[in-house]
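So you can see what is in the structure, the chains are spelled out below.
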Amino acid sequence: MNPNCKKRMGAIRLETMKVVSQQEIAPAIFELLLQGEMVEAMKAGQFLHLRVPDDAHLLRRPISISSIDKANKQCRLIYRIEGSGTAIFSTLKTGDSLDVMGPQGNGFDLSDLEQHSRVLLVGGGIGVPPLLEVAKQLHERGVDVTTVLGFATKDAVILEDELSQYSKVFVTTDDGSYGIKGNVSVVIKKFDNEFDAIYSCGAPGMMKYINQTFSDHPRAYLSLESRMACGMGACYACVLKVPESETVSQRVCEDGPVFKTGTVVL
Ligand SMILES: Cc1cc2nc3c(=O)[nH]c(=O)nc-3n(C[C@H](O)[C@H](O)[C@H](O)COP(=O)(O)OP(=O)(O)OC[C@H]3O[C@@H](n4cnc5c(N)ncnc54)[C@H](O)[C@@H]3O)c2cc1C
Ligand code: FES
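None of the values given here were measured: they were computed from a predicted structure.

So, unusual backbone geometry
For the bond from Gly102 to Pro103, the omega torsion is -10°, close enough to zero to count as cis. Between Gly256 and Pro257 the backbone carries a cis peptide bond, its omega angle lying at 10°. We note that Tyr236 has phi near 60°; this positive angle belongs to a residue other than glycine. With respect to the helices and strands, the residue Tyr236 is situated in the loop between strand S14 (220–223) and strand S15 (239–241).

Here we look at helix H2 (residues 129–140)
Most of H2 is tucked away, with 9 of its 12 residues classed as buried. Where H2 is concerned, the buried positions are Pro129, Pro130, Leu131, Leu132, Glu133, Val134, Ala135, Lys136 and Leu138. Directly after H2, the chain includes Gly142, whose backbone phi takes a positive value near 85°.

As for the side chain of Ser66
Structurally, Ser66 is set in the loop between strand S5 (61–64) and strand S6 (67–69). Its relative accessible area of 0% is what places Ser66 among the buried residues. Among the polar contacts listed, one links the side chain of Ser66 to the backbone oxygen of Pro129, at a separation of 3.1 Å. Apart from residues lying up to four places away in sequence, Ser66 is in contact with Arg76, Leu77, Ile78, Pro129, Pro130, Leu132 and Glu133.

Things to note about the state of the cysteines
In this structure the tally under the stated criterion is 0 disulfides. In this model Cys201 remains outside any disulfide bridge; the closest cysteine sulfur is found in Cys238, 15 Å from its own. What makes Cys201 buried here is its relative accessible area of 6%.

Focus on the site of ligand 1
As a structural note, the neighbourhood of ligand 1 is formed by 21 residues, with Pro62, Arg80, Thr86, Ser226 and Arg227 the closest of them. Contact distances for ligand 1 include 2.8 Å between an oxygen atom and a side-chain N or O atom of Arg61. Between a nitrogen atom of ligand 1 and a main-chain N or O atom of Ile78, the distance comes to 2.9 Å. Taking 820 Å² as the accessible area of ligand 1 by itself, protein coverage stands at 85%. For the shell around ligand 1, the elements supplying multiple residues, two or more each, are S5, strand S7 (74–80) and helix H1 (84–89). Ranked by residues supplied to the shell around ligand 1, first place goes to S5 with 4 residues. Of the residues assigned to the shell around ligand 1, the class counts are 9 nonpolar, 6 polar and 6 charged.

Some points on the pattern of salt bridges
For side chains of opposite charge, pairing can occur when their charged atoms come near one another. Counting across every chain of the model gives 10 salt bridges. One salt bridge connects Arg13 with Glu40, and the closest N-O pair in it is separated by 3.9 Å. Taken together, the residues span a long stretch of sequence, with Arg13 in strand S2 (residues 13–26) and Glu40 in the loop between strand S3 (29–35) and strand S4 (47–50) at a distance of 27 residues. Under the relative-accessibility criterion, Arg13 is labelled buried at 11%. Put simply, Glu31, Arg76 and Glu162 are held in one network by salt bridges that share partners.

Some thoughts on the pairing of strand S8 (residues 97–104)
Burial analysis of S8 places 6 of its 8 residues in the buried class, the great majority of the element. In this sheet, S8 lies alongside S4 in antiparallel orientation, the contact comprising 3 bridges. In the sheet register, His49 faces S8, and the bridge partner there is Met101.

Details of the sheet that holds S14
Hydrogen bonds along the backbone pair up the strands of a sheet, which may run parallel or antiparallel. A sheet is described by the order of its strands in space; here 7 strands give the open sequence S12-S11-S10-S9-S13-S14-S17, paired in mixed fashion. Bordering the open sheet on either side are strand S12 (180–181) and strand S17 (258–260), each of which pairs with just one other strand. Judged from the 3 bridges that link them, S14 and S17 form a sheet pairing that is antiparallel. In the sheet register, Ser223 faces S17, and the bridge partner there is Val258.

Cut-offs used in this document
Residues numbered from 1 in each chain as written. Chains lettered and ligands numbered in written order. Predicted model: local features only at pLDDT ≥ 70, side-chain atom pairs only at ≥ 80, totals over all residues. Heavy atoms only, no water. Helix = DSSP H or I, 4+ residues; strand = E, 2+ residues; numbered from the N terminus. Buried < 20%, exposed > 50% of the residue type's maximum accessible area, 1.4 Å probe, protein only. Polar contact = N/O pair within 3.5 Å; in protein donor to acceptor, adjacent residues only side chain to side chain. Contact = heavy atoms within 4.5 Å. Disulfide = S-S within 2.5 Å. Near = heavy atom within 4 Å. Areas by Shrake-Rupley, 256 points an atom, 1.4 Å probe, with all protein chains shown as cover. Nonpolar A, V, L, I, M, F, W, Y, C, P; charged D, E, K, R; others polar. Salt bridge = Lys/Arg side-chain N within 4 Å of Asp/Glu carboxyl O. Pairing = 2+ DSSP bridges.

Here you go:
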């Protein structure tokens, strides 16, 4: 094992990963390529808990794994500058190091999907990146993948071309500046709903819509966000309620970030 990489609480590792490259792919949206040993353990839908390389920032920042290249020990993260932590990440240059905890959380369950299964991916805004690895892996298995992406405006559109290599893609924008005007429901309502599985990640409103629309579907999944502190199940900063229970809760970092529809209160 890499000397920088030590085991911590089960499968969670801490590692100093190398920055291979970074580029801005849309206004304030960055693509960061990292290299390290922990790539070998990564699964689609998991996230990395990144230490901000600045001593004034104590809390790590969670960012989803967007794609995984085990052969080259590289993974790609795509993030938007939200506040001071992500602004600091955007200054990282090729050759810099980054203190990474992960891979963390339960990713998307892609088991049992074979050739000719029909899968729907639904992504919104900066929730689109984790669906890329899902599309890639399903496409490799011969699964028939349909992707519906929703963005606020044309400027925010990301990953359309890449996802088109693995799936049939529909793009919506709220203001109609690109693709179909409206949100993803405009497209989804027209489908026959005969999908074997549904995987989604996006803003809270989109997740509520998917949660309700596919509440009875046996294989519909949401990747959810919450404010995080420890990122490893210990502090309970990231809990969500479970329907009809006052006592049971789910931690986004440890029990999620992927949940089956109907299993948490949104
Ligand atoms: C499981 C998971 C996966 C994520 N994947 C991505 C991704 O792939 N790309 C991306 O752009 N963003 C992603 N986010 C959101 C990202 O973590 C926040 O945008 C980021 O932490 C903001 O940090 P900041 O210092 O720039 O902002 P600040 O507002 O300065 O952050 C202050 C604090 O709030 C926390 N925080 C702020 N916004 C969020 C948020 N939405 N979710 C969780 N914690 C937050 C920060 O971690 C920090 O502790 C993900 C969040 C979660 C929970
Ligand atoms: S962030 Fe601490 S339990 Fe989830």
